[in-house]
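Examining the three-dimensional arrangement
Okay, here's what each chain looks like letter by letter:
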Amino acid sequence: YPLNSVHAQCFKYPTIVALQSNGLKVLFNFTKSPQSPATTLINATCYNTSNELYTDFVLQAAVPKFMQLTLDPASSNALPANGC
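Right, let's talk about unusual backbone geometry for a bit. With glycine set apart, most residues show a phi of negative sign, and most peptide bonds adopt trans. Here the phi dihedral of N22 falls at roughly 50°; this positive angle occurs in a residue that is not glycine. Within the element layout of this structure, N22 appears in the loop between strand 2 (16-21) and strand 3 (24-33). Backbone geometry at N82 places phi at a positive 60°, although glycine is not the residue there. Within the element layout of this structure, N82 appears in the segment after strand 4 (36-48).

As structure tokens, then:
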């Protein structure tokens, strides 16, 4: 499901810091739709808190075999320095 198709009636959960290490910070935002309670949308936001530009950045994910994972393309493969 595209993130922009998520409606206001969806249930939101607290944002979590999924990873914070070596200048990389990854936040996960979770949303569930009442129309599809078995589906959880996870929006990952990645920040580079170091002083150097990260290039060719790729976020990979895995789930147990009983789950289905769909990854949408990232908005960019570069993370600007200093969390910008």
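Now that the structure is up, let's keep going.
Take the packing of aromatic side chains next. Taken as a whole and assessed by the stated rule, the structure comprises 1 aromatic pair. Judged by centre distance (6.3 Å) and plane angle (90°), the rings of F28 and F30 are edge-to-face.

Our next topic: the pairing of strand 4. Taken together, the 10 bridges between strand 3 and strand 4 define a ladder with antiparallel strand orientation. Bridged to F30 within strand 4 is I42. Counting the residues in the hairpin turn of strand 3 and strand 4 gives 2 residues.

What follows covers the pairing of strand 2. Where strand 2 and strand 3 come together, 5 bridges link them in antiparallel fashion. Among the inter-strand pairings, Q20 is bridged to a residue of strand 3, identified as K25. Adjacent in sequence and paired antiparallel, strand 2 and strand 3 are bridged by 2 residues, among which N22 carries a positive phi angle near 50°.

About the cut-offs
Residues numbered from 1 in each chain as written. Predicted model: local features only at pLDDT ≥ 70, side-chain atom pairs only at ≥ 80, totals over all residues. Heavy atoms only, no water. Helix = DSSP H or I, 4+ residues; strand = E, 2+ residues; numbered from the N terminus. Phe/Tyr/Trp six-rings, centres within 6.5 Å; stacked < 30°, edge-to-face > 60°. Pairing = 2+ DSSP bridges.

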